[in-house]
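Here is what each chain is made of, one letter per residue.
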Number of protein chains: 2
Amino acid sequence: MRRLYAALFLLSLSSYAAGPSSDVPLRGYTAPDSATEVQWEQKFRAIPDTNRIRENMRRLSARPHHVGSPYDKDNAEWLLAQLKSYGLDAKIEQFEALFPTPKSRKLELLGAQRFVAKLEEPTLAVDPTSGQKDEQLPTYNAYSRNGDVTAPLVYVNYGAPADYEQLDAMGVSVKGAIVIARYGETWRGIKPKLAAQHGAVGCIIYSDPKDDGYARGDTYPDGPMRPPDGVQRGSVMDMPIYPGDPQTPGVGAVPGVKLIPLDQVQTITKIPVLPISYADAKPFLLALEGQTVPENWRGGLPITYKTGPSKTMAHLAVAFNWDRKPLYDVVATIPGSTFPDQWVIRGNHHDAWVNGADDPLSGTSAELEEARTFGELLKQGWKPQRTIIYCFWDGEEPALLGSTEWAEYHADELKKHAVVYFNSDSNARGFFRAEGSHSLENFVNAVTKDIEDPETNMSVWKRQRLANEVRQTPQMRAELPESRGEDRARPDTRIAALGSGSDYTVFIDHLGIASVNLGYGGEDEGGGQYHSVYDDFYYYTHFMDTDFVYGRALAQTAGTMMMRMADADMIPYQFTDQADTIHRYVTEVKRLADTMRTEIKDRNMNIAEGAYKAAADPKKVSVVPPVETVPPYFNFAPLDQASDDLTAAAADYEKSFAAHGASGNAQVNAELIQTERALTDPGGLPNRPWFQNMVYAPGMYTGYGVKTLPAVREAIEQKQWAIVDTQIARTAAAIEREVEVLKAASKILSGS
Amino acid sequence: MRRLYAALFLLSLSSYAAGPSSDVPLRGYTAPDSATEVQWEQKFRAIPDTNRIRENMRRLSARPHHVGSPYDKDNAEWLLAQLKSYGLDAKIEQFEALFPTPKSRKLELLGAQRFVAKLEEPTLAVDPTSGQKDEQLPTYNAYSRNGDVTAPLVYVNYGAPADYEQLDAMGVSVKGAIVIARYGETWRGIKPKLAAQHGAVGCIIYSDPKDDGYARGDTYPDGPMRPPDGVQRGSVMDMPIYPGDPQTPGVGAVPGVKLIPLDQVQTITKIPVLPISYADAKPFLLALEGQTVPENWRGGLPITYKTGPSKTMAHLAVAFNWDRKPLYDVVATIPGSTFPDQWVIRGNHHDAWVNGADDPLSGTSAELEEARTFGELLKQGWKPQRTIIYCFWDGEEPALLGSTEWAEYHADELKKHAVVYFNSDSNARGFFRAEGSHSLENFVNAVTKDIEDPETNMSVWKRQRLANEVRQTPQMRAELPESRGEDRARPDTRIAALGSGSDYTVFIDHLGIASVNLGYGGEDEGGGQYHSVYDDFYYYTHFMDTDFVYGRALAQTAGTMMMRMADADMIPYQFTDQADTIHRYVTEVKRLADTMRTEIKDRNMNIAEGAYKAAADPKKVSVVPPVETVPPYFNFAPLDQASDDLTAAAADYEKSFAAHGASGNAQVNAELIQTERALTDPGGLPNRPWFQNMVYAPGMYTGYGVKTLPAVREAIEQKQWAIVDTQIARTAAAIEREVEVLKAASKILSGS
């Protein structure tokens, strides 16, 4: 769904200081077990084959395979057959979910400049699958409500919260209007959500050529960027409330499950939404009148971008079939020999919006090759200590349906048994990147020291770390001054936190299972065919990881992670990195409160002194912002205390762990599994109880983008001053629960 | 020439704290003289008439009036007649200078996509003067050498030093190529200069629609922005070496003066140059191949910008008439009653590239109204204590010709007599802005507290100060952390330093005369017709200061400055603001050296570790930068000492001044005049001895942009480590010379 590299490339600051892994045993392994493991891992990494990955993609992308399509089921059955042919115990677990598809779509500009949007991606002669019209889903946004509206247009830039502040300042209202927003910056579902909150009656989302079209490179099929008629499909469900089947939140949607009636579903948009191409968008943008937009609102079309409203009316009408469709999750299991009740889980989705070569098959094809490789090793006598589960999810694109329903259905078992969840999705050429639970940061570092970058022949860990040195601009360093000194000194490269956008969401955010999302990318200017009919085998094999060496690298990386986690005597979580990271988050939310206090005070003073009036052009409409309540001071003591307690407990655990050695201890392993679970609170986040992790969540108004310590951070960002202290206490309590688990683990280790 | 508001809007950080001027006498005035002055100033400000300013512009812009044109002379004679009619003692002072005009111009793209550039600005039916073809200068860059070259094209973004570093990193050379650069960022003359230094054989400069075309607003004649065929003419002489007549550096070019032979002139470009429109540029940009450019290199055309080189060749041929042309400076004098040998000078040029309504007549028309107002006051019995000189310069556009030749010719007198030079040029709606000598910062603040903003009815000082509060983004504050606390606390709003771009250059940079450049702007998106045939009366009266209220404000502001400076008992220079500013500059150059040392060390370490290789895409050309010498540590002690000494001397002077009262003292006034002169060093700056001010200079590679403490700052920036200590000592010595002058003035005051 979301490209891993669509986010800012380098959130983690780090450096090359330590060397690759040495003769010290792998963490969590006794010396002899480590030596054996290293040998098996080397065997593992030698097996994945770029040609097989290519052929996996060719087969899986041969026809459109969205949820409910014939080829979606066909792919699931083919995956099942493949997994069985590898000797794995595999099955299809079937669920069902609401998945609306278009019945009718219409968008037109009325009046003298009458224009009817084409809403169609043309067949390209050179691209053999681009013309599979009968099976392609039309261009639309899933979970838009039905609607038929005629209204003036207003341009809202990316449609993010700050964009509405800008419109307010310019005296432009979207009330009663159809907004036209460009893709980018926020997750697309935020655009209609905010538009509706501001009173708009419809929402058009278009792909501006500045963001993924000709501004960034040659357009398809001459190059990888989006052509004039290319359209980004995608879900606009309000997933920050909850993902998965809208009619069964928190419950696995098996046949016969009780459904929330459609008209009571909270996560369907409040206004009709439709995505369009930039060829279709241009006449609508040209119809806008009013003020010229600020510089950072300008797109790449050769026009003067204006806010609107338009005098000319636009007419938007969409209607959908509100059907429930089957979901085919393909699941293969390798039982653990020693700790069969400890599950190491891997996943990547297999459904796509259309042919989906890049998204998701660049990841799926590698994942399948991993599974085959484990099949080979099993034949050679290898056995994992823990149970390995390989999942190929259906229905990720509409709303993380397959993974969410599966994990909700198996929630009780997962809470008891799940050690870790490793996710991938689209994959491309370039640099390793991981986001995830910080108890796994050290583990991710250790594994990636052993993976060779296929194009530079240094380890992917070293490459990422060195590249960070060069790619960090002075500005990035200035913005994160606390990281500056640590670049070369910190042994572990930082990993970013997880927001949302792929199948890890239910694992980390709902169930509190330590998770990592990983992949390669950042080199080719990709993303131009994202969620379009042109994201297909021709595109991927001409412009992306054309020789599939980064597909192989993904299989090697994720496979090594699975193996090393499954084979370890002691689960190799490490908590000092986590404590260090949480300490940073605590610093951040404290600084956020201070910054907002200063800004609001400054702004109020400026309003009182007449500074906004002085700065405004008297010949243009401009609105002075309202005076706001100055944020009170908050009691951060519980968070400071929890952060310090975690730091101490993590250090103690390291000491006990080192003293104890790594010989397996079932009791300690059982405690360790609960460390991430401890971070959840069954009450969940304010107004969205499905999200229970108190450290990580996707932002209520970012969608993809993470909010760490979300209950606290969002209460401050949303200016809900009255609840901040409560959320600090709840968040601190979650961290203290982890402290207790860690203390228990240390105690067992010291006592044993 | 340069629009005051083309530069970053707010260099000065400041705030609204002190109120408007109170009952305290004006600085430099005894209480009774202050009361009289305030009355005269009020009378002055009541007189300027927006209709007269409009009619001045209508008359002066009626026909093209570039140097050497019939209407240029006609305008000079009309100005003379006007000044005489006001009762002023006026004359035309005639000089002459080299001013090349086009003989032939050709630009074409060869090969299959053959395209011949139009090089022509079409006549617009609604714009009555746009069709005066017979008198218009064709589109060209003055002081381009003759040349006829055929070569591949390379796109160099703005053609600034950093752009060539980027090209180096991408493995793209301009050797033997014709570069195509967009207007903006640097002064245009820097573009061919750097291109030639990097081995290019020709230079095309075009106006990208992102910078002043449709991206910023509706295009002419629907709006103020540049239309597809609009072209920016302009000088490309190497003025950072010296401005003025290229054949007579340092000497006033009166008939019979000895001329440097043309082939020995240093300031003519080394390669042929031609400016074009974006309609003409598009086919050339489309011919570029190679890598897609970095994000900040992308312009506003609907194309993929690439670096080149092009496979297709371009052919550029230009030839010029290398004639010497007459210059008509119009100069009016009002003799001083008490200190006739102390000159208060005001200037604005009258020549234009074509009709020049905005540039320069928006300033010239106001200046003429100022002169008329003084004529009125003289009739009412007012007499200035000092001599007032009003100058209307010719030949500013090609190379500051009229002002430079005049000031070089009168250099000896000016060094003795000049108190101050107040300059203006293009003027528009919006906020007051001043750049200049910091001994005048307090004076500028004091005057602007008494000028009413015509659209908000608060003082222009208060408006600017309040607006700064709102317009300063958090990022701007973060970049200037030292300014943050002072926003509201510092009594005087900071003024920016002077680089180059208008007629103050010879005064401040060559002769060391305290100067201020002032004007209004920042509200309308102007600049779109800059140096085009469309910068005319129709344009200005439809899109700029359409009711001329800011023209009147300029006349009121500059007139009040002239009057208050001419009437004062003691020259109201103030040095604590200056000392504070120089202290900041010293801090900046020290930080610059440290920053460069850190950056070079970091880069060298990255090179040694292979970080550039790790960060590079192996499938793209990229070049590792060369290892560089780490800058040594420099002896900044003399500058620190001089800065402290100036701070002490300025404070002492304030004390003596306060104790003495303001009754006129000829001896002190004579000392004070020498304070700015003391900052000059007859040896001048390294490699450009014409520039003698050791505190202010236009940058060698910025052209317009100022470099403060230029000998030191540029030695560091240009990595001439060996000369840094010497330049520190020379710069410190200049400041110490001012300290001595100040001490002498204080001593006289204390003794008297």
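Every residue gets a number counted from 1 within its own chain, in the order that chain's sequence is written. For naming, the first written chain is A and the first written ligand is 1, with later ones following in the order written. Where local features are concerned, this predicted model is filtered to residues with pLDDT of at least 70; where side-chain atom pairs are given and counted, the filter is 80 or more; whole-chain, interface and lining totals use all residues.

Draft legend 1. Geometry of the overall build of chain A. Tallying secondary structure elements over chain A gives 24 helices and 18 strands in all. What you see for chain A is a C-alpha radius of gyration of 26 Å, in line with the 27 Å of a compact globule of 752 residues. In terms of principal-axis extent, the alpha carbons of chain A reach across some 80 × 65 × 55 Å. Across the 752 residues in chain A, those meeting the buried criterion constitute 60%. Contact between residues is assigned whenever the C-beta positions, reconstructed from backbone atoms, fall within 7 Å. Within chain A, residue pairs in contact and separated by at least 24 positions form 82% of the contacts whose partners lie at least 6 positions apart. Put simply, DSSP H or I for four residues or longer makes a helix, DSSP E for two residues or longer makes a strand, and each gets a number counted from the N terminus. For the radius of gyration, the atoms used are the C-alpha atoms, and the globule rule reads 2.2 Å times the number of residues raised to 0.38. To sort residues by exposure, count the other C-beta atoms lying within 10 Å of each residue's C-beta; 20 or more gives buried, 12 or fewer gives exposed, and values between give partly exposed, all with C-beta atoms placed from the backbone.

Draft legend 2. Just the domain arrangement of chain A, in detail. All names here are of chain A. Domain borders in the structure are assigned automatically or taken from a domain database. Looking at chain A, the domain boundaries give domain 1 (4–97 + 325–519 + 545–567), domain 2 (101–322) and domain 3 (576–751). Contact with domain 2, which involves 17 residues of that partner, is made by 14 residues of domain 3. Mapped by element, the contributors of at least two residues to the side of domain 2 that touches domain 3 are helix H4 (161–169) and helix H5 (190–197). A per-element tally of the side of domain 2 that touches domain 3 places H4 first, with three residues.

Draft legend 3. Broad picture of the sheet that holds strand E15 (residues 430–436) of chain A. Residue and element names in this part refer to chain A. Read across the sheet, seven strands follow the order E1-E11-E13-E12-E14-E16-E15 without closing on themselves; strand pairing throughout is mixed. Across the chains shown, the open sheet's two edge strands, defined by having one partner strand only, are strand E1 (89–98) and E15. Within the sheet, the average angular offset between the axes of one strand and its neighbour, ignoring direction, is 20°. The pairing of strand E14 (residues 418–423) with strand E16 (residues 515–522) spans three bridges and is classified as parallel. Bridging from a neighbouring strand, Tyr 421 pairs with Ser 515 of E16. Strands are labelled as partners when DSSP assigns at least two bridges between them. Only C-alpha atoms enter the line fits that serve as axes; for helices the fit covers just the stretch in contact. Angles between N-to-C directions range over 0 to 180 degrees.

Draft legend 4. Representation of H4 of chain A in the model. All names here are of chain A. Within H4, the full set of buried residues consists of Asp 163, Tyr 164 and Leu 167. Summarising the axial view, the buried residues of H4 lie within an arc of 100°, below the 170-degree limit, and thus occupy one face. Close packing links the buried residues of H4 with H5. Once H4 ends, the next one or two residues include Gly 171, with phi positive near 70°. As used here, the arc is the angular range of directions from the helix axis to the C-beta atoms.

Draft legend 5. Inspection of the interface of chain B and chain A at higher detail. Tallying the contact residues gives 34 residues for chain B and 34 residues for chain A. Here the side of chain B that touches chain A gets six residues from one element, more than from any other, and that element is helix H13 (residues 460–471) of chain B. For the side of chain B that touches chain A, the residue count by class is 16 nonpolar, seven polar and 11 charged. When residue character is reported, Ala, Val, Leu, Ile, Met, Phe, Trp, Tyr, Cys and Pro are called nonpolar, Asp, Glu, Lys and Arg charged, and the others, Gly included, polar.

Draft legend 6. Inspection of unusual backbone geometry at higher detail. With an omega of 5°, the peptide bond running from Tyr 220 of chain A to Pro 221 of chain A counts as cis. Residue placement: Pro 221 of chain A occurs in the loop between helix H6 (209–212) and strand E8 (234–235). Note the cis peptide between Asp 359 of chain A and Pro 360 of chain A, where omega equals 10°. By the element assignment, Pro 360 of chain A lies in helix H8 (residues 357–379). Non-glycine residue Tyr 143 of chain B carries a positive phi angle of around 75°. When the 26 C-beta atoms within 10 Å are taken as the criterion, Tyr 143 of chain B is described as buried.

Draft legend 7. Spatial organisation of the sheet that holds strand E3 (residues 115–116) of chain B. Residue and element names in this part refer to chain B. Reading across from one edge, E3-E2-E10-E5-E6-E7-E9 is the order of the seven strands in this open sheet, with mixed pairing throughout. Two strands lie at the open edges of the sheet, namely E3 and strand E9 (273–276), each paired on one side alone. Here strand E7 (residues 202–206) runs beside E9; their pairing, made up of four bridges, is parallel. Opposite Tyr 206, over in E9, you have Ile 276 as the bridge partner. Of the strands in this sheet, strand E6 (178–182), E7 and E9 are in contact with helix H5 (residues 190–197), which crosses E7 at around 150°.

Draft legend 8. Just the packing of helix H21 (residues 637–660) of chain B against helix H24 (residues 721–751) of chain B, in detail. All names here are of chain B. It is the contact of H21 with H24, at a shortest axis distance of 9 Å, that shows an interaxial angle of 15°. Put simply, H21 runs roughly parallel to H24. Between H21 and H24 lies a crossing of left-handed hand. When its residues are assigned to classes, the contact of H21 with H24 shows 16 nonpolar, seven polar and five charged. Orientation is classified from the angle alone, with under 35 degrees giving roughly parallel, over 145 giving roughly antiparallel, 65 to 115 giving roughly perpendicular, and any other angle giving oblique. Two helices that cross are described as forming a left-handed crossing if the nearer one is turned anticlockwise from the farther one by less than a right angle, and a right-handed crossing if clockwise.

Draft legend 9. Broad picture of the confidence of the model for chain A. Values of pLDDT, which run from 0 to 100, indicate the predictor's confidence residue by residue. Overall, the prediction assigns chain A a mean pLDDT of 94, with 95% of residues at 70 or greater. Prediction confidence for the complex, expressed as pTM and ipTM, is 0.94 and 0.93 respectively.

Draft legend 10. View of the relation of the copies chain B and chain A. With an RMSD of 0.0 Å, the fit of chain B onto chain A corresponds to turning through 180° and sliding 0.1 Å along the axis. Here the two chains are linked by the operation of a two-fold rotation axis. Across chain B, the rotation axis passes nearest the C-alpha of Pro 302 of chain B, at a separation of 2.9 Å. A high fraction, 100%, of the interface residues of chain B reappear at the interface in chain A, so the copies pair face to face through one surface. To line up the copies, we fit them by least squares on C-alpha atoms, keeping just the residues with pLDDT of at least 70 in both.

Draft legend 11. Structural context of the environment of Leu 414 of chain A. Residues and elements named next belong to chain A. One can find Leu 414 in helix H11 (residues 411–417). Leu 414 sits 73 residues away from Asp 341 along the chain, and the two C-alpha atoms are 9.8 Å apart. Residues in contact with Leu 414, not counting those within four places in the same chain, are Ala 407, Leu 511 and Ile 513.

Draft legend 12. Up close: the pairing of strand E11 (residues 324–334) of chain A. Residue and element names in this part refer to chain A. Counting buried positions along E11 yields eight of 11 residues, so the element is predominantly enclosed. Direction of pairing for E1 relative to E11: antiparallel, over a ladder of 10 bridges. Within the sheet, the bridge partner assigned to Phe 95 lies in E11 and is Leu 327. Alignment of E11 against strand E13 (residues 386–393), held across five bridges, turns out to be antiparallel. Its bridge partner being in E13, Val 330 is matched across the sheet by Phe 392.

Draft legend 13. Representation of the nonpolar core within the structure. Counting residues in each nonpolar core, the largest one holds 218 residues, and the members touching the most others are Ile 178, Val 179, Ile 180, Ala 200, Cys 203, Ile 204 and Val 420 of chain B. When near neighbours in sequence (up to four residues on either side) are disregarded, Ile 180 of chain B contacts Leu 153, Tyr 155, Ile 204, Tyr 206, Ala 281, Phe 284 and Leu 285 of chain B. For this analysis, nonpolar core means a set of buried Ala, Val, Leu, Ile, Met, Phe, Trp, Tyr and Cys residues linked through C-beta atoms within 7 Å.

Draft legend 14. Structural view of the environment of Thr 139 of chain B. Residues and elements named next belong to chain B. Within the secondary structure, Thr 139 sits in the loop between E3 and strand E4 (141–142). Counting along the chain gives 138 residues from Thr 139 to Ser 277, while the straight-line C-alpha distance between them is 9.4 Å. Each residue touching Thr 139, except ones within four places of it in the same chain, is listed here: Leu 119, Glu 121, Val 231, Arg 233 and Pro 275.

Draft legend 15. Here's a closer look at the environment of Ala 649 of chain B. Residue and element names in this part refer to chain B. Mapped onto the elements of the fold, Ala 649 is located in helix H21. Taking the C-alpha atoms as reference points, Ala 649 and Ala 489, separated by 160 residues in sequence, lie 23 Å from one another. In contact with Ala 649, not counting residues within four places along its chain, are Val 739, Leu 742 and Lys 743.

Draft legend 16. Broad picture of H5 of chain B. Residues and elements named next belong to chain B. Here H5 lies mainly inside the structure; seven of its eight residues are buried. Among the residues making up H5, those that are buried are Ile 190, Lys 191, Pro 192, Lys 193, Leu 194, Ala 195 and Ala 196. Looking at the packing, one finds that the buried side of H5 touches helix H4 (161–169), E6, E7 and E9. Looking at the residues trailing H5, positive phi occurs at Gly 199, about 95°.

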